[in-house]
Amino acid sequence: MSDAAASSAESLTGVWIDDAGVVHTTVATADGRREHRTDQFRPFAWLNDTPSDGVLTGMQIERLAGEGAFDRMVHAESLEAFSRFLKEAKAASIGVDSIRPIESQYLLQRRERLYRQLPFHELRRCQLDIETCTADGEFCDPSKPDDRVLAIGLRMAGKSRLLLLEERTDAAEKKLLESFIAALAEWDPDVIEGHNIFKFDLDYLRHRGRRLGVPSLWGRYGQKAQFRSSRLKIAERWIDFVRCDLPGRAVVDTFFLAQIYDITTREMTSYGLKEAAVYFGVTPEDSAERTYIEGPRIQEAFENDRARFCAYLEDDLRETAGIADQLLPTYFEQVRAFPTNLQEATLRGATSKIDLLFLEEYYHARQACPLPPEVQPFEGGYTRSFREGVFRHVLHFDVASLYPSLLLHIGRNPRNDTLGTFIPMLRRLREYRLTYKQLARTAPTIEERAEAQARQTAFKILINSFYGYLGFSGARFGDGELAAEVTRRGRELLQLLIDEFSKHDCVILEADTDGIYLSSERYYDKPEELLALVESILPAGIELEYDGRYEAMWCYKAKNYALYDGHEVTLRGSALRSRGIEPYLKKLSDQLIHFLLGASKESPLQQLEDYRTRIRSGTFPVAELAKSETLSQNPDAYERLIAAGGKPRRASAEVALQLSPRPRMGERVHYYVTGKIKGRSADWQRARALALFDPQQWPYDSSYYLDKLDDWLERYAPFLGVEATRTPPAEVQGELFG
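Everything numeric in this text was worked out from a predicted model, so none of it was measured.

1. Quick notes on the pairing of strand β18 (residues 515-519)
Consideration 1: Of all 5 residues making up β18, 5 are buried, and the element is well covered by its neighbours.
Consideration 2: Sheet analysis places strand β16 (residues 389-399) next to β18, joined by 5 bridges and oriented antiparallel. Bridging from a neighbouring strand, H396 pairs with Y517 of β18.
Consideration 3: Relative to β18, strand β17 (residues 507-512) runs antiparallel, the two sharing 5 bridges. For V507, the partnering residue across the bridge sits in β18 and is S519.
Consideration 4: As consecutive antiparallel partners, β17 and β18 are separated by 2 residues, and within that stretch T513 has a phi angle of approximately 65°, a positive value.

Structure representation (structure tokens):
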């Protein structure tokens, strides 16, 4: 066993490879300590051709078995030789397939994993949050001499340490930054967590440290933080951010994790720390225990109410920890499964992670690797809305892991998986998941059950990703034809279930990919009896599950519906929970949904009339009218595009140009629409940042917002059983200033 390796009672908690090719690892010992060990490894890559002898200096090349474009492999004697080889091979037009980051090569080569034997509750997690000040009343800017760091808050294992600026001088701020370095060295966390930590906290600390001559020695092994510009795609949005890598540690941004979580749920209206903490149940809504301070008042509280300031900072740390408690375990379990680190797991998609599992097998088998195949478009899963309106006695059934189950039932590996690893790996992962699913119910302690639940959830996500991997054009072992066959069989299976449920007098409401909502007064109190009647038609290996019942369901339109279980309302579909909708319309829609489902007796029509009255009078809070949108383009790039005559003009981008400093792509801006002026009637011309609201000079356009209320009523009047009436033109505001 090498010096860096961990015994059966130990776990790797950090790995970093220096420029000399020395592997530095941190090992969690059986008694809870962290030990620094070193090792050596040989970097490697797959090739599609044999380079000249000169290019191969310091390298060993071998031919690989099987068919595949990359049918040669090189190992380097040193990291220096490997880096030189990559440059020279590129210049010689040799195709090179190399795994990054280099630490993943080491883990893959040794079949090693981080945290292999470490329970999640023993992971050293440190939460970080900073507070800053501004000297001129503008947004804090670390390049300005007096826009200092006021405080650095740290928390680990429930214990907080608040580092506070003693006086507003360079010497005091330098001392504060050095205290931060010392605290990290003392606590030696495996992970540093923060909310928006990449785009604000760490970048701000870096710039202040650079100005004051304090290096960012935040990594293990006495190493500096490494910064680089990066981008992250979350659903349809790209987010620019300054990535920070800490040798031997992981940086986790709960701001990103919340957004990734919301891709499937689409329930969150804001990703800010306070709102996210309420959504995840970390802090009760309107809690008297939570200390809130408005942004502009933070430095005032620092000077005049230090106790309140510190309580606010501690609450920020507590909420960050609480959000990570819920979102991080899935990624922690992924790192136990993939040869990667925790930071990479949170920032990379499923395809690149699954690729690592295959590449590990191909590496050790010395098997040639294919190029990613071209995947042609194919028909997706079964999706149909059968009814509109409100229905009672609703049951939900779904097929357990439909697509992975169908893949195992078909039993065919992807076309270019010459080693035949896909199906055996999927079957093995499914068996792991079932084992942990059982342990989540039967393990003797709460901690063991929670750990097993996190593992079974991670494996569920992983095996469900195998189908998506097949149909992704960038997947090395993708197979569009196999993916298309899976979806075809899935559609046929769902139709078979729909027909069978209908034979038992069930009213089918909604079907989507692997699940069916239906209404049945007869079986509402005995769903297991209905399940037994229907599941007998399914082929071997395919399991139908009863997934819950609801007092009412409002079917609005395809893939957009609301459910009420007697306690809680659940929304599905972007039409019912758009994050871009103005708050006043969202509140009206929420009232509508609760009323239709029987969760509230208050009709939204009374609230609608109250809104109309207050908007007409100009007394309605502008924050309730303001729209919130995520920037899809950097403001500077948008400005250059417009200057060159480019289109289209967008309200959110125009608003970003009004702000100083300008927000970045991926950040949200809030704006309202002012009255019409001659020559300025389009929304983008009238959009104004909410922060710049002036009720005298730039009031909101009441007619614009009354029209939106009219549109809302026209959309939902049929469900309320009323006729839509529009606001009379004489009652609304005309053009601004005449």
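That shown, we press on.
2. A short note on the sheet that holds strand β2 (residues 22-28)
Consideration 1: With respect to topology, 3 strands assemble into an open sheet ordered β1-β2-β3, the strand pairing being antiparallel. Only two strands of the sheet have a single partner each, and these edge strands are β1 (11-17) and β3 (34-40). Direction aside, neighbouring strands of the sheet carry axes that sit 25° apart on average.
Consideration 2: Examined bridge by bridge, β2 and β3 share 7 bridges and lie antiparallel to one another. Note that in β3 the partner of V27 across the bridge is E35.
Consideration 3: Set on the sheet, helix α2 (residues 102-110) makes contact with β1, β2 and β3; between it and β1 the angle comes to about 130°.

3. Some details on the pairing of strand β8 (residues 125-132)
Consideration 1: For β8, the buried fraction is high: 8 of the 8 residues fall into the buried class.
Consideration 2: Side chains R125, Q127, D129 and E131 project from β8 onto one buried face, and the interleaved C126, L128, I130 and T132 project onto a second face that is buried too.
Consideration 3: Here 3 bridges tie β8 to strand β11 (residues 191-194), and the two strands are oriented parallel to one another. Bridging across to β11, R125 finds its partner in V191.
Consideration 4: Bridge analysis of β8 against strand β9 (residues 149-156) gives 7 bridges, and the strand direction is antiparallel. Across the sheet, C126 pairs through a bridge with M156, a residue of β9.

4. Here's the deal with the pattern of salt bridges
A side chain of one charge can pair with a side chain of the opposite charge when the charged atoms of the two come close.
Consideration 1: Using the criterion set out here, one finds 63 salt bridges in the structure.
Consideration 2: Through salt bridges with shared partners, a single ionic network connects R34, R124, D188, D190, R220 and R249.

5. A look at the packing of helix α19 (residues 635-643) against helix α20 (residues 651-658)
Consideration 1: Where α19 contacts α20, the two axes come as close as 10 Å, and the packing angle between them is 110°. Accordingly, the angle class assigned to the pair α19 and α20 is roughly perpendicular. Residue-level contacts link P635, Y638 and E639 of α19 to A653, E654, A656 and L657 of α20.
Consideration 2: Taken together, the residues of the contact of α19 with α20 sort by class into 5 nonpolar, no polar and 2 charged.

6. Some details on the packing of aromatic side chains
Consideration 1: This structure, assessed with the given rule, holds 43 aromatic pairs.
Consideration 2: Ring geometry for F44 against Y363: centres 4.3 Å apart, planes inclined by 35°, an arrangement best described as tilted. Here the residue F44 occupies a position in strand β4 (residues 44-47), and Y363 occupies one in helix α10 (residues 350-365), the gap between them amounting to 319 residues.
Consideration 3: For Y363, a relative accessible area of 4% puts it in the buried group.
Consideration 4: Seen in terms of ring centroids, F358 and F422 are 5.8 Å apart; in terms of plane orientation they differ by 10°. Their pairing is stacked.

7. Focus on α20
Consideration 1: Of all 8 residues in α20, 6 are buried, a share of seventy percent or more.
Consideration 2: Listed as buried for α20 are A651, S652, A653, E654, V655 and A656.
Consideration 3: Lining the buried residues of α20 we find β22 (627-630), α19, β23 (668-673), α21 (683-686) and β24 (687-689).

8. Some details on the sheet that holds β18
Consideration 1: The strand order β15-β17-β18-β16-β19-β20-β21 describes an open sheet built from 7 strands, whose pairing is antiparallel. Both outer strands of the open sheet, β15 (383-385) and β21 (569-572), are each paired with one neighbouring strand and no more. When the angles between neighbouring strand axes are averaged without regard to direction, this sheet yields 35°.
Consideration 2: Strand direction decides the pairing type here: strand β19 (residues 544-557) and strand β20 (residues 560-564), joined by 5 bridges, are antiparallel. Within β20, the position partnered with M553 by the bridge is L563.

How each quantity is defined
- Residues numbered from 1 in each chain as written.
- Predicted model: local features only at pLDDT ≥ 70, side-chain atom pairs only at ≥ 80, totals over all residues.
- Heavy atoms only, no water.
- Buried < 20%, exposed > 50% of the residue type's maximum accessible area, 1.4 Å probe, protein only.
- Helix = DSSP H or I, 4+ residues; strand = E, 2+ residues; numbered from the N terminus.
- Pairing = 2+ DSSP bridges.
- Axes fitted to C-alpha atoms, helices over the stretch in contact; angles between N-to-C directions.
- Contact = heavy atoms within 4.5 Å.
- Salt bridge = Lys/Arg side-chain N within 4 Å of Asp/Glu carboxyl O.
- Parallel < 35°, antiparallel > 145°, perpendicular 65-115°, else oblique.
- Nonpolar A, V, L, I, M, F, W, Y, C, P; charged D, E, K, R; others polar.
- Phe/Tyr/Trp six-rings, centres within 6.5 Å; stacked < 30°, edge-to-face > 60°.

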